[in-house]
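Spelled out, the chains give:
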Amino acid sequence: MEGEPEVEADTREAAAAPSSATGDAQPDAPPSVQGTLPHFIQEPEDAYIVKSNPIKLRCRAAPALQIFFKCNGEWVHQNEHFSQEYKDLNTGLKVREVMINVSRQQVEDFHGPEDYWCLCVAWSHLGTSKSRKATVRIAYLRKNFEQDPQGKEVPINGMIVLHCRPPEGVPVAEVEWLKNEELLSSQADDNIDTRADHNLIINEARLSDSGNYTCLASNIVAKRRSATATVIVFVNGGWSLWTEWSACNVPCGRGVQKRSRTCTNPAPLNGGAFCEGMSVQKITCNALCPIDGGWDEWTVWTVCSSQCERQRSRECNSPAPRHRGRMCEGNSEATENCTDGLCTQNRKLLHDVKPQSMDGSNDVALYSGLGAGIIAVAILVVAVMLYRKNHSEYGVDVIDSSALAGGFQSFNFKTTRQGNPLLLNSSMQPDLTVGRTYSTPLCFQDGADKELFDPLPDIKVKVQSSFMVSLGVAERAEFHAKAPAETFPRDLSRDYCSTTDGRKKGLLTLNGPFSASKELLRTTGVFGHPGGRLVVPNTGVGLLVPHGAVAENMSWEMYMVINQGETSVQTLEGCEILLGPEVTYGPPGLDLFCPVAMTIAHCAEVDAENWNIQLKRKTQDSKWEDVMAVEEESTSCYCLMDSTSCHLLLDQPGSYALVGEPLTQAAVKRLKLAVFGSMEAGSMSYSLRVYCVDDTPHAFQGVVAAEKSRGGQLLEEPKMLPFLANTFSLQVSIQDVPQFLWSIKPFTTCQEFSFPQVWCSNQQPLHCAFSLERYSPATAQLSCKISVRQVKGHEQILQVYTAVAETEKESVPFFMQTDCTITSQTGPKAFKIPLSIRQRICATFDTANAKGKDWQLLAQKLHLDRNLGYFAKQQSPSAVILSLWEARHQDTADLDSLASALEEIGKIHSKSSPKDQDEPESDFNHIQAGSLCGTGKLTNQKTEDSAAPEYTG
């Protein structure tokens, strides 16, 4: 070494002094070690100064005359050495030990190219020896990690790698891993490896590996904790096996079979993806209807037997009972006397015996009866002729006197003149057939007995009828008696589709209601990135364009049209009807980032067991295709059926229609009933018009527009009638007319719509009219009842009480408007939920976390937890859920349901983690919400116990 000459020199200098001092001791030294170099028994070790505590460096050597420390190339002063000498009992050699202290200040004051160092130099008579260099460093550990572990979401059985780079420190920090504040050990679990460059590796993730992981770094100075990384091991959902097909849901005819599967194999967990595809499948089924047995013809009578009897028989084979059908009723054999009872007790025939009781009195009675019958017939013929003469102004030609007996009759209506089907001119009479003969009954209302009589055969009557329907008008109609109706039940598909307008079986016509003017129901608006809402006033039809659906710095002129023209839907099987208006939105090339929400009112009593409701869309070649069944799950669109409206989430612009097919006779279509009246100018007649229309706002608008144009007054609040799919007709009758004040034409007190007319009206209003005539101009009031009832169904009563004087000009309101007259709104004012709150909700629930508070929980609390696969494929499921909530609650101005959902979620979370105060629910403070027609205020009063929002109006 370079320092050796210097050490040798120093040794010589140092040896001169100790030599005299130690000369007396030299004779005691063992003579065998006089020529041995010093040997270090203990050399100084590296040391770290912790805080301000000095460290001690030690050296031991034998044999050694002197030992000194040299630090950073300079000798340490002799006064700073602490030395002692003792004799090793094993070797008998003298051992010298030296110690020095090194302070923090000494190390900090040293500014060399390397760390502070010290070594020992020991010498003997033969020479010197040096120890190893020992470095002295100030120990520290910085606070910040060079790399914190990051949270991860990994599928089950996937690999988890958490990276950790500890803070800089001297000495280098050692790393350990904590899971949920408990130390992890790779020795206890072969699936965990913590040795690879401070990283934590879990080879195959298990559900139990979900948790909060912390990297712990420590050295002799301190311990440091990294940020906590949350690891979520999620499970993607998998379908279970299909269940067996259910039994056909109808005992007879066409029905539905179902099978289902659940997303439980495995169930989605910790934010895992929901199963894609349908959870329920339906197929049509045809249950064999019971066939009741029928008798063959009787055989011929046998020859008269010696017992004066003859027999005949028949068999139950026309047809034979099948499929649980009933056996024939009655006897299969018949026996009768073949001698008119002229048998003696000894069974001999008595042809020549005459009865003893016969006398001339029977002949007198017979001739008297015949004479009385001839006189009665003559009187009846004279009465009929007088009746025809006195009632000729009503256009009644009674050809058979049995027509005067009243009762329920079945007639054929034949067209004599065709008119405009949209015309509501009371001077024109109805055409009930539009070029086709069909069977429909009339009835005569008897005040004492309101039951319907059996049809009377062979009746031919000509009647001037005021029966009117929207299909057409005619001046006169001819009625012929029909055979009794077919025994119920009948084939549903045949009865539903045998409509009165000559449509082919299986064709569904989509028509808008008739209107006094053919104005197009259309609304438009220009929408940009903030979104907005389109509404066709008072039709139950709306379109919501969510915020962010349109790209920034772009705008689209969007429109929505209720189609009034005639189009058709070709169905593959069964018979479908239109449940709401046909709606088109566009433009066709519309490109949006998220689906729009369309609302369409409908008239069905929604029940999956009784209805098969489909959403249809028009293709480019003007044909209709099925989009989805409302009870099935789909990832292409979403359909939510409320009691009166259908809410759709749509990606593709176009024409859409909601159609339904009844599966059972319990299927119900809602009808709205309304009665209007008006006085015919310059006459004593008053006209009552009763309307039966599908219970949708759009369909009723046609009635309102027509009646406004003719000056009609609404005489009673409209009422709803459930109309069953039982193939029975709808009867409208007028009752309790004051007979001494008003007269009504014969055969018009009860009028009837056939079942196909009502069931397949497809948003077209039907109506009939009653013409009443005052006996005196002084009669200024009219009171009566209008009964509307379905045979074997429900009934509604419309009470009429009105002033009929021509000077009466006051108008009765047609109805209360429930929608706004505003057709378009854009920006924040179109939504109830403010944008900032909407963004907070989406940020909170779109991110899955270990506490389970994701968008699926939001959908569950808002009662939108069906067809979750549709939401799962959206970029922001929570945003689409909120858009659907906005569309569903457009008629209500409050935020109660949303506030309640957030409150429930907040309570669930507060129970699971009561100490955590930094949850998103507490961010919903002072929410000010507005809608098209009203505003509401949602505020949050933050307390120590709850962070749930509270609604105040």
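A quick note: this is a predicted structure, and the numbers were derived from the prediction, not measured.

**Student:** Any chance you could break down the sheet that holds strand S42 (residues 638-641) for me, citing the residues and the numbers?
**Tutor:** Read from one edge to the other, the open sheet built from six strands follows the order S42-S43-S39-S34-S33-S55, with strand pairing classed as antiparallel. Of all the strands in the sheet, just S42 and strand S55 (824-826) have a single pairing partner and so form its edges. In this sheet, neighbouring strand axes are inclined to one another by 10° on average, regardless of whether the strands run parallel or antiparallel. The pairing of strand S34 (residues 541-545) with strand S39 (residues 596-601) spans three bridges and is classified as antiparallel. What sits directly across from Gly542, in S39, is Thr599.

**Student:** Explain the packing of aromatic side chains to me, and be specific about the residues and the numbers.
**Tutor:** Tallied over the full model, the rule gives 12 aromatic pairs. Where Phe755 meets Trp759, the ring centres are 5.7 Å apart and the plane angle is 15°; that geometry is what we call stacked. A residue pair is termed a helical-turn pair when its members lie 3 or 4 positions apart in one helix, as Phe755 and Trp759 do in helix H6 (residues 755-759) at four residues. For Trp759, a relative accessible area of 0% corresponds to the buried category. Taking the centre distance of 6.1 Å and the plane angle of 75° together, the rings of Tyr870 and Phe871 count as edge-to-face. Residues Tyr870 and Phe871 agree in their burial class; the two are buried. Ring pairs connect the aromatic residues Trp611, Phe723, Phe755 and Trp759, which therefore count as one cluster. For the cation-ring pair, Lys133 lies above Trp117, with the distance from its terminal atom to the ring centre recorded as 4.0 Å.

**Student:** Can you explain the environment of Pro546? Please cite residues and give values.
**Tutor:** As for its position among the elements, Pro546 is in the loop between S34 and strand S35 (556-562). For the pair Pro546 and Glu886, spaced 340 residues apart in sequence, the C-alpha to C-alpha distance is 9.3 Å. When neighbours within four sequence positions are excluded, Pro546 is seen to be in contact with Gly531, Cys594, Pro595, Val596, Phe831, Arg838 and Ser883.

**Student:** For the pattern of salt bridges, give the residues involved together with the corresponding values.
**Tutor:** Enumeration according to the criterion identifies 27 salt bridges in this entry. Arg137 is the partner of Asp115 in a salt bridge, and the nearest nitrogen-oxygen pair spans 3.6 Å. You can see Asp115 sitting in the loop between helix H2 (104-109) and strand S8 (116-123) and its partner Arg137 sitting in strand S10 (residues 134-138), a full 22 residues away along the chain. The partner of Lys258 in a salt bridge is Glu609, with the nearest N and O atoms 3.4 Å apart. Taken as a pair, Lys258 in strand S22 (residues 253-260) and Glu609 in the loop between S39 and strand S40 (611-618) lie far apart in primary sequence, 351 residues in all. Judged by relative accessible area, Glu609 falls into the partly exposed class, the value being 41%. Connected through salt bridges with shared partners, the residues Asp189, Arg206 and Asp209 form a single ionic network.

**Student:** Please set out the sheet that holds strand S18 (residues 200-202) residue by residue, giving values where relevant.
**Tutor:** Pairing is antiparallel across the open sheet formed by three strands, whose spatial order is S13-S18-S17. Taken across any chain shown, the strands that pair with only one partner, and hence form the sheet edges, are strand S13 (160-162) and strand S17 (192-193). By the bridge criterion, two bridges tie S17 to S18 in an arrangement that is antiparallel. Of the residues in S18, the one forming a bridge with Ile192 is Ile202.

**Student:** Explain the nonpolar core to me, and be specific about the residues and the numbers.
**Tutor:** If you look at the biggest cluster of nonpolar residues, it comprises 68 residues, and the most contacted ones within it are Tyr585, Leu650, Leu688, Leu730, Phe770, Ile786 and Val788. Membership of the second largest hydrophobic core comes to 37 residues, among which are Cys275, Leu649, Val880 and Ile881.

**Student:** Outline the packing of helix H7 (residues 835-845) against helix H10 (residues 877-888), listing residues and values.
**Tutor:** Interhelical geometry of H7 versus H10 gives an angle of 135° and a closest axis separation of 8 Å. One finds that H7 runs oblique with respect to H10. Regarding H7 and H10, the two cross each other, and that crossing is right-handed. Contact with H7, carried on its side by Arg838, Ile841, Cys842 and Phe845, involves Ser878, Ala879, Leu882 and Ser883 of H10 and no other residues of that element. For the contact of H7 with H10, the class distribution of residues is five nonpolar, two polar and one charged.

The rules behind each value
- Residues numbered from 1 in each chain as written.
- Predicted model: local features only at pLDDT ≥ 70, side-chain atom pairs only at ≥ 80, totals over all residues.
- Heavy atoms only, no water.
- Pairing = 2+ DSSP bridges.
- Helix = DSSP H or I, 4+ residues; strand = E, 2+ residues; numbered from the N terminus.
- Axes fitted to C-alpha atoms, helices over the stretch in contact; angles between N-to-C directions.
- Phe/Tyr/Trp six-rings, centres within 6.5 Å; stacked < 30°, edge-to-face > 60°.
- Buried < 20%, exposed > 50% of the residue type's maximum accessible area, 1.4 Å probe, protein only.
- Lys NZ or Arg CZ within 6 Å of the ring centre and 35° of its normal.
- Contact = heavy atoms within 4.5 Å.
- Salt bridge = Lys/Arg side-chain N within 4 Å of Asp/Glu carboxyl O.
- Core = buried A, V, L, I, M, F, W, Y, C linked by side-chain atoms within 4.5 Å.
- Parallel < 35°, antiparallel > 145°, perpendicular 65-115°, else oblique.
- Left-handed = near helix turned anticlockwise from the far one by under 90°.
- Nonpolar A, V, L, I, M, F, W, Y, C, P; charged D, E, K, R; others polar.

This is a description of form; function is not addressed.
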